[in-house]
Amino acid sequence: MSTAVAASTPNKAVLKAEFTLFRREAGSLIGILLFPVALLVILGSIPSFREADAGLGGIRLVDAYVPVTVLLAMIAGGVQSMPPIITGYRERGVLRRMSTTPVRPSALLSAQMGIHGGAILLSVAVCLAVGRLAFDVALPRQLAGYLLALALSVVVALSLGALIASRARTTKISNAIGTVVFFPAMFCAGMWLPVQAMPDALAHIVELTPFGASAQAMSQAMAGDWPSWSHLLVLAVWAVGLSGAAARWFRWE
């Protein structure tokens, strides 16, 4: 037991140090916490977005965009914020030097994933609260299904970020890959057109992507239905595949 306690002490120190650095990164905080909420407030302030839309099954556009803003927090945290940090540590030799200390490099990676995962969940809570209080958007009626879809989606986003960090040799390349992935991910999440309003052929394709499947699963749970098992299966396959690829190809040096 003493060995386990001794091992956990430096890991906690790494987590504390990384959290302190994360709080000082205004760009990460804006992207994960403020941008999705600001977008929701802007869209919800448009009168037509607060009217029922027959093309969306009778719900309002603002109702459809709450899951989208939730996914934006995941995409911003997993794809744009986390990879450059990890790549920067590798580029500067931080991970290599850590391997010679009692603190393993995996402790830093775990801390980054935990911090970004926590920030994403905080943003999700804020988006749901703002949607409910400001625009009368119903909270998830199928809570268990929503939490399951949310957990799988967060794992997918962080695993995708870890995969980007594993393949990018420099921070510049990591930023470039993140930007390239960011916009298609936003499209699949329904940023420009909710998945429910897409033509059937396009919607079926988008639903095979992790964020398209997540948007549909969370929308179904918001409406009170259990998320389609096909959407949950897509998320689970992406989560396993991305996690496995990131673990296999990740380089500490």
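Residues numbered from 1 in each chain as written. Predicted model: local features only at pLDDT ≥ 70, side-chain atom pairs only at ≥ 80, totals over all residues. Heavy atoms only, no water.

Here we come to the overall build of the protein chain. Summing up its helical and strand segments, the protein chain has 10 helices and 0 strands in all. In the protein chain, the succession of helices and strands from N to C terminus is α-α-α-α-α-α-α-α-α-α. Its C-alpha radius of gyration of 19 Å places the protein chain within 12% of the 18 Å reference for a compact globule of 253 residues. Classification of the 253 residues of the protein chain by burial places 49% in the buried group. A separation threshold of at least 6 residues defines the contact pool for the protein chain, and within that pool the share at least 24 residues apart is 74%. Of the roughly 12,000 Å² of accessible surface on the protein chain, 68% is carried by carbon and sulfur atoms. If you average the places of the 18 positive and of the 11 negative side-chain charges in the protein chain, the two averages end up 18 Å apart. (Helix = DSSP H or I, 4+ residues; strand = E, 2+ residues; numbered from the N terminus. Rg over C-alpha atoms; globule rule 2.2 N^0.38 Å. Buried < 20%, exposed > 50% of the residue type's maximum accessible area, 1.4 Å probe, protein only. Contact = heavy atoms within 4.5 Å. Areas by Shrake-Rupley, 256 points an atom, 1.4 Å probe, with all protein chains shown as cover. Lys, Arg positive; Asp, Glu negative; His and termini not counted. Charge placed at Lys NZ, Arg CZ, Asp CG, Glu CD.)

Further remarks concern the packing of aromatic side chains. All told, the structure shown has 3 aromatic pairs when counted by the stated rule. Relative to Phe183, the ring of Phe182 has its centre 5.4 Å away and its plane inclined at 85°; by these criteria the two rings are edge-to-face. With a relative accessible area of 9%, Phe182 lands in the buried category. What makes Phe183 partly exposed here is its relative accessible area of 43%. The lysine or arginine in question, Arg167, covers the ring of Trp249, its NZ or CZ lying 5.2 Å from the ring centre. (Phe/Tyr/Trp six-rings, centres within 6.5 Å; stacked < 30°, edge-to-face > 60°. Lys NZ or Arg CZ within 6 Å of the ring centre and 35° of its normal.)

Bringing the confidence of the model for the protein chain into the picture now. Of all residues in the protein chain, 94% attain a pLDDT of 70 or more, and the chain-wide mean is 87. Here residues 1–7 is a poorly scored stretch, pLDDT under 50, and it has 0 contacts once near neighbours within four places are set aside; other chains count. (pLDDT = per-residue confidence, 0-100.)

Moving on, we come to the side chain of Glu18. Considering the arrangement of structural elements, one finds Glu18 in helix α1 (residues 2–23). In this structure, Glu18 is buried with no salt-bridge partner, the nearest side chain bearing the opposite charge being Arg92 at 7.8 Å. Setting aside residues up to four positions removed in sequence, Glu18 forms contacts with Tyr89, Leu108, Ala111, Gln112 and Ile115. (Salt bridge = Lys/Arg side-chain N within 4 Å of Asp/Glu carboxyl O.)

With that settled, consider the environment of Gly77. Along the chain, Gly77 turns up in helix α3 (residues 61–91). On the basis of relative accessible area, Gly77 is assigned to the buried category, the value being 0%. Sequence separation between Gly77 and Ile32 is 45 residues, and the spatial gap between their C-alpha atoms is 5.6 Å. Not counting residues up to four positions away in its chain, the partners in contact with Gly77 are Ile32, Met82, His116 and Ile120.

Attention now moves to a nonpolar patch on the surface. Judged by side-chain polarity, Phe183, Phe187, Trp192, Leu193 and Leu202 come together as a nonpolar surface patch covering roughly 450 Å² of accessible area. Considering the arrangement of structural elements, one finds Trp192 in the loop between α7 (171–189) and α8 (200–206). (Patch = residues over 30% accessible without salt bridge, like charges linked within 9 Å, V, L, I, M, F, W, Y side chains within 5 Å.)

Moving on: the pattern of salt bridges. Under the criterion given, the structure shown has 2 salt bridges. Between Asp63 and Arg60 there is a salt bridge, with its nearest N and O atoms 2.9 Å apart. As far as the burial class goes, Asp63 and Arg60 line up, both buried. Its salt-bridge partner being Arg132, residue Asp136 comes within 3.2 Å of it at the nearest N-O pair.

With that out of the way, let us pick up the nonpolar core. One finds Val70, Met74, Ile75, Tyr146, Leu150, Phe211 and Met218 to be the most contacted residues of the largest nonpolar core, which totals 77 residues. It is α3 that contributes the most residues to this core, 16 residues altogether. Beyond its immediate sequence surroundings of up to four residues, Met74 is in contact with Val79, Ile120, Leu150, Ser153, Val154, Ala157 and Met218. (Core = buried A, V, L, I, M, F, W, Y, C linked by side-chain atoms within 4.5 Å.)

Before going further, it helps to examine the packing of α3 against α7. Any two packed helices are characterised by the angle at which their axes cross and by the distance between the axes. At a closest axis distance of 9 Å, the pairing of α3 and α7 adopts a crossing angle of 170°. Here α7 runs roughly antiparallel to α3, going by the angle between their axes. Together, Val68, Leu71, Leu72, Ile75, Ala76, Val79, Gln80, Pro83, Pro84, Thr87, Gly88 and Glu91 of α3 and Thr171, Ser174, Asn175, Gly178, Thr179, Val181, Phe182, Ala185, Met186 and Ala189 of α7 make up the contact between the two elements. Broken down by class, the residue content of the contact of α3 with α7 amounts to 13 nonpolar, 8 polar and 1 charged. (Axes fitted to C-alpha atoms, helices over the stretch in contact; angles between N-to-C directions. Parallel < 35°, antiparallel > 145°, perpendicular 65-115°, else oblique. Nonpolar A, V, L, I, M, F, W, Y, C, P; charged D, E, K, R; others polar.)

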